[in-house]
Amino acid sequence: MPVLRNIGVLARCLPTGPQDLIHEVRNGALAWEGEAIRWVGPEAELPGPYREWPAEDAGGRMVIPGLVDCHTHLCFGGWRAEEFVQRLQGASYLEIAAAGGGIASTVAKTRAASREQLLARCRGHLAGMARLGVTTVEAKSGYGLTLEHELRLLRLYRELGEGSQRIVPTLLAAHVVPAEYRERRDDYVTLVIDEIIPAVSSEGLARFCDAFVEESAFTVEEARRILSAGARHGLRPKLHADQLSGCGGAELAGELGAVSADHLEHVSTDGIGALAVGGVVAVSLPFASLYLGAPPMPARPLIDFGVPVAVATDFNPGSAPSYHLPFAMTLACTMQRMTPGEALKGATIIAAKAVGLENEIGALEPGRSADFAVIDAESVEQWVYHLTANACVRTVARGHEIWRAP
Ligand SMILES: [Zn+2]
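Residues numbered from 1 in each chain as written. Predicted model: local features only at pLDDT ≥ 70, side-chain atom pairs only at ≥ 80, totals over all residues. Heavy atoms only, no water.

Draft legend 1. Quick peek at the layout of surface pockets. Estimated volume of the largest pocket: approximately 470 Å³. Lining the largest pocket are 24 residues, with Ala-97, Val-176, Val-177, Arg-182 and Ser-216 positioned closest to its centre. Breaking the lining of the largest pocket down by element, the ones donating at least two residues are helix H3 (93-98) and helix H4 (103-112). Counting residues per element, the lining of the largest pocket draws most heavily on H4, which supplies five residues. For the lining of the largest pocket, the residue count by class is 15 nonpolar, four polar and five charged. (1 Å grid on protein atoms, 1.4 Å probe; cavity = no way out; pocket = protein on both sides within 12 Å on 5 of 7 lines; lining within 4 Å. Points joined across faces, edges and corners; volume = space filled by probe spheres on them. Helix = DSSP H or I, 4+ residues; strand = E, 2+ residues; numbered from the N terminus. Nonpolar A, V, L, I, M, F, W, Y, C, P; charged D, E, K, R; others polar.)

Next up, the structure:
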């Protein structure tokens, strides 16, 4: 039951108010007991009992809620650096996919990797994320694409989630039609609906069902069938929508009341309206825009329409091979014209909403999980603007320290 004192800026990021209102407290203190926050506020107002608790000194640094990376493809075999070079030389994402590269090549490497190899890689990535202040990671399957291999990835996530860092598992069997089904794609949709979704649901292996709606992946109608089947099995819908072309993904997300619609680089005005009406979180993935040289998500009109915009990495070996969420926040500002405060809320409380945990994590207030990061910066603006390799000096998840700078 420690109290962290001498906090220069405490950014509480409460769910109320506009997206750029981060509810700052100057000269703050934060008390937690076990896994839960007990008290947050100005140190001068620290109630009597907490003054007796063991004190720790934040050194005047900033404290933020633990970052929530609400969109990653955490578990995959191999890398695709060669495609990075091909794209620099002019090949498009869709051309590379059509030539057998892209997601299909990662599926082959992931299926071939052993359980131990995949676990070790994921643990390495998660430790790297912890050093950056990330306490919750949404993790998608989607590099298995058979019943056996999708279950294997989701069971790995269950094992990885036994530590203090939270893993939120999402079934993404509808990532791409696997090569062996290319001539009979309807059979694959049937496999997802009749076998994979029921098996994942009965084992309690995922919270969400995601689908990639794109010319190279699934049509709106196929995604509607898959996501509706997922919902019937208790898996809330999420979508990869309107990334490479505007194809009605946002409209479908609104229609289904999806928890989030992710990417949205080519979202239409009608799509923005559908997200607002459906209460859907828009998840921006600026690394994908950066690496693919594609236009960024139009965050300003989304926010102006009242759609909350989360910021995530999309960590994957193709279009977003970095898990540096603070860098993604900086890109959300420079490429999407979000303010640093909007980017911080986008990577905390709004990202928490995008994974259905907005009442447990993502903000600093009593009763929530003791997930926070100590950032060596004097303000959110200074942190996001200066962007050092890593300004995070300490990360606490569920009340346990998971990173401290040497
Ligand atoms: Zn993705």
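Draft legend 2. Here's a closer look at the coordination of the zinc ion. Looking at the metal site, the zinc ion is ligated by His-71 (NE2), His-73 (NE2), His-240 (NE2) and Asp-314 (OD), spaced 2.0 to 2.3 Å from it. Of note is the zinc ion, whose four donor atoms meet at the metal with angles of 83 to 166° in an arrangement that counts as irregular. Spacing between the donor residues of the zinc ion along the chain follows H-x1-H-x166-H-x73-D. Of this pair, His-240 sits in strand S10 (residues 236-241) while Asp-314 sits in the loop between strand S13 (309-311) and helix H13 (325-336), and the two are 74 residues apart along the sequence. Each of the two residues, His-240 as well as Asp-314, counts as buried. (Donors = N, O, S within 2.8 Å, 3.2 Å for Na, K, Ca; no water. Tetrahedral: all angles 85-135°; square planar, octahedral: opposite > 155°, others 65-115°. Buried < 20%, exposed > 50% of the residue type's maximum accessible area, 1.4 Å probe, protein only.)

Draft legend 3. How the structure looks around the packing of aromatic side chains. Overall, the coordinates contain 12 aromatic pairs when judged by the stated rule. An angle of 65° between the planes, with centres 5.5 Å apart, marks the rings of Phe-287 and Phe-327 as edge-to-face. On the criterion of sequence distance, the pair formed by Phe-287 in helix H11 (residues 286-292) and Phe-327 in helix H13 is long-range, its members being 40 residues apart. (Phe/Tyr/Trp six-rings, centres within 6.5 Å; stacked < 30°, edge-to-face > 60°.)

Draft legend 4. Layout of the pairing of strand S3 (residues 36-42). A large share of S3 lies buried, amounting to five of its seven residues. Bridge analysis of strand S2 (residues 24-33) against S3 gives six bridges, and the strand direction is antiparallel. Among the inter-strand pairings, Trp-32 is bridged to a residue of S3, identified as Ile-37. (Pairing = 2+ DSSP bridges.)

Draft legend 5. Structural view of the pattern of salt bridges. Tallying each qualifying case throughout the model produces 23 salt bridges. Of the charged contacts in the structure, one is a salt bridge between Arg-61 and Asp-376, with a shortest N-O distance of 3.5 Å. Taken together, the residues span a long stretch of sequence, with Arg-61 in the loop between strand S4 (55-57) and strand S5 (62-65) and Asp-376 in the loop between strand S14 (372-375) and helix H16 (380-386) at a distance of 315 residues. Its relative accessible area of 29% is what places Arg-61 among the partly exposed residues. (Salt bridge = Lys/Arg side-chain N within 4 Å of Asp/Glu carboxyl O.)

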